[in-house]
Amino acid sequence: MAVGIFDSGLGGLTVLDAVARRLPEVPFIYFGDNANAPYGVRDADDVYQLTCAATERLFDAGCDLVILACNTASAAALRRMQEGWVPRDKRVLGVFVPLIEALTERNWGDNSPPREVAVKNVALFATPATVRSRAFQRELAFRAIGVDVEAQACGGLVDAIEDGDMILAEALVRSHVDALKRKMPFPDAAVLGCTHYPLMQEVFQAALGDEVQVFSQANLVAESLADYLTRHPERQGPPREPAFLTTGNPDKVSNSATQFLRRRISFQSA
Ligand code: DGL
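A brief report on the enclosed structure follows. (Residues numbered from 1 in each chain as written. Predicted model: local features only at pLDDT ≥ 70, side-chain atom pairs only at ≥ 80, totals over all residues. Heavy atoms only, no water.)

As a further point, take the overall build of the chain. When you go through the chain residue by residue, the secondary structure sums to twelve helices and twelve strands. The C-alpha radius of gyration of the chain comes to 18 Å, within 12% of the 18 Å expected for a compact globule of 270 residues. If you line up the chain on its principal axes, its C-alpha atoms span 45 × 45 × 35 Å. Here the chain holds 270 residues, and the buried ones make up 54% of them. For the chain, the share of sequence-separated contacts (at least 6 apart) that also reach a separation of at least 24 residues comes to 75%. Carbon and sulfur atoms provide 49% of the accessible area of the chain, an area that totals close to 11800 Å². Across the chain, the 27 positively charged side chains and the 34 negatively charged ones have centroids separated by 2 Å. (Helix = DSSP H or I, 4+ residues; strand = E, 2+ residues; numbered from the N terminus. Rg over C-alpha atoms; globule rule 2.2 N^0.38 Å. Buried < 20%, exposed > 50% of the residue type's maximum accessible area, 1.4 Å probe, protein only. Contact = heavy atoms within 4.5 Å. Areas by Shrake-Rupley, 256 points an atom, 1.4 Å probe, with all protein chains shown as cover. Lys, Arg positive; Asp, Glu negative; His and termini not counted. Charge placed at Lys NZ, Arg CZ, Asp CG, Glu CD.)

Given below as C-alpha cells:
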C-alpha cells in the first residue's frame, strides 16, 4: 500500500516534495499525466475522465489513498468522483480544502458557520478551468463571510512551466499579476491555486509586493495529510522509495523533474 499523488504534469511534484519531507516514512507513488497536460484548458467532463483514469492506475499500483495534487482536477472532478465513482475501500482527497482552511484560520473538521476572517481581499491565480468552476469561492463561502475574491485565469503559464521555458513563464506571471491588479489594486492575500505555480513563487511575490501574503499549497497539504494519516494509519503502507509514473516521455519528463526539484528523479512509463 502506498499513497498516490496525482497531477496533470510536473506541478504536483511541489506537493510530493513537501509531503515526502514531512512524512519520510510514508511510501508515495507519483503519477503525472504529462501526455494530456495541461488540464486547465479542458472542459470539466474531459478533466473528470482523465482524472478517473489516472486515479484508477494509482489504485492498480496499490494505492488506497490518492491525493489530487492538481487544483484543476480537485475543482472540476473531485466532487463528482467522490459522489459516484470512488470505490468504498478507497479514498481520494483534493488540495483545495487545506488551503482554504489556512486562509480562514480553521482547523480540520471545524464545521462551524461562516465567520469574518482577517483577510478581506484575496487574489486567486489559477488555471482557466479552476477559475471557471468557482470551486474556490464555493468552498470559501462555507467558511468565511466578507471576503472579496478576484480570480485571474493564468492562460499559458502551465505550458511554459511544462516546457521549461522560464523566461516566458516569468513574463506571463508579471502580466497576469498586472491584469489582476487592474481589477483589485490592493489584495491582502494571494492564492497560488495551481500546483505548478509554486515553481514561480518568487516571481509572484516580487510582482505582488512584500505586503501581500502569498499562500501556496505544498506545506499546507503536507500538514493536512500528516493529520489524516494519524487518524487513518491503515492507509499508509510500509516504507519504500517513491516511484514516479508518467504518460509522457519518461526521459524528457525525468529531465524536467530533475531540473525543478534539483535532485535526480526517474520516471517510468505508466
Ligand atoms: N497543476 C495543476 C493544477 O493545480 C494543473 C494545471 C494544468 O494541467 O493546467 O491546476
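Still to come is the rest of the account.
Let us look at the pattern of salt bridges. With the rule as written, the count across this model stands at 13 salt bridges. Its salt-bridge partner being Asp 45, residue Arg 80 comes within 2.8 Å of it at the nearest N-O pair. Taken together, the residues span a long stretch of sequence, with Arg 80 in helix H4 (residues 78-84) and Asp 45 in helix H2 (residues 44-60) at a distance of 35 residues. In the salt-bridge network here, residues are joined through shared partners; they are Asp 17, Arg 21 and Arg 263. (Salt bridge = Lys/Arg side-chain N within 4 Å of Asp/Glu carboxyl O.)

Applying the stated criterion across every chain, the model contains nine aromatic pairs. Taking the centre distance of 6.1 Å and the plane angle of 45° together, the rings of Tyr 30 and Phe 244 count as tilted. Of this pair, Tyr 30 sits in strand S2 (residues 28-32) while Phe 244 sits in strand S11 (residues 243-246), placing them 214 residues apart in sequence. Between Tyr 30 and Phe 267, the ring centres sit 6.0 Å apart and the planes meet at 80°, which makes this aromatic pair edge-to-face. Of the two residues, Tyr 30 is situated in strand S2 and Phe 267 in strand S12 (residues 267-269); the sequence distance between them amounts to 237 residues. (Phe/Tyr/Trp six-rings, centres within 6.5 Å; stacked < 30°, edge-to-face > 60°.)

Taken in spatial order, the six strands of this open sheet run S4-S3-S1-S2-S11-S12, and their pairing is parallel. The sheet is open, and its two borders are formed by strand S4 (91-93) and S12, each paired with just one other strand. Averaged over all neighbouring strand pairs, the angle between strand axes comes to 25°, with direction disregarded. Contacts between helix H1 (residues 12-22) and the sheet are confined to strand S1 (2-7), S2, S11 and S12, with S2 contributing the most and set at about 175° to the helix. (Pairing = 2+ DSSP bridges. Axes fitted to C-alpha atoms, helices over the stretch in contact; angles between N-to-C directions.)

For the rest of this paragraph, the subject is the packing of H1 against helix H11 (residues 218-231). For any two helices packed against each other, one specifies the inter-axial angle together with the distance between the axes. At a closest axis distance of 8 Å, the pairing of H1 and H11 adopts a crossing angle of 45°. By the criterion of interaxial angle, the relationship of H1 to H11 is oblique. Once H1 is placed against H11, the crossing between them reads as right-handed. Between H1, through Thr 14, Val 15, Ala 18, Val 19 and Arg 22, and H11, the contact on the second element is made entirely by Ala 218, Asn 219, Val 221, Ala 222, Glu 223, Leu 225 and Ala 226. (Parallel < 35°, antiparallel > 145°, perpendicular 65-115°, else oblique. Left-handed = near helix turned anticlockwise from the far one by under 90°.)

Going from Ala 37 to Pro 38, the amide bond is cis rather than trans, its omega being 0°. The residue Glu 105 is not glycine, and still its phi comes out positive at about 55°. Tracing the backbone through its elements, the reader meets Glu 105 in the loop between helix H5 (96-103) and strand S5 (115-116). Of note in this structure, Arg 262 is not a glycine but carries a positive phi near 55°. Relative to the elements of secondary structure, Arg 262 occurs in the loop between helix H12 (250-261) and S12. On the basis of relative accessible area, Arg 262 is assigned to the exposed category, the value being 77%.

Moving on, we come to the site of the ligand. With respect to spatial proximity, 13 residues lie near the ligand, and among them Ser 8, Tyr 39, Asn 71, Thr 72 and His 196 are the closest. A distance of 2.7 Å separates an oxygen atom of the ligand from a polar backbone atom of Tyr 39. Separating an oxygen atom of the ligand from a backbone N or O atom of Thr 195 is a distance of 2.8 Å. Computed on the free molecule, the ligand has an accessible area of 300 Å², of which 100% lies beneath the protein chains in the complex. For the shell around the ligand, the class distribution of residues is five nonpolar, seven polar and one charged. (Near = heavy atom within 4 Å. Polar contact = N/O pair within 3.5 Å; in protein donor to acceptor, adjacent residues only side chain to side chain. Nonpolar A, V, L, I, M, F, W, Y, C, P; charged D, E, K, R; others polar.)

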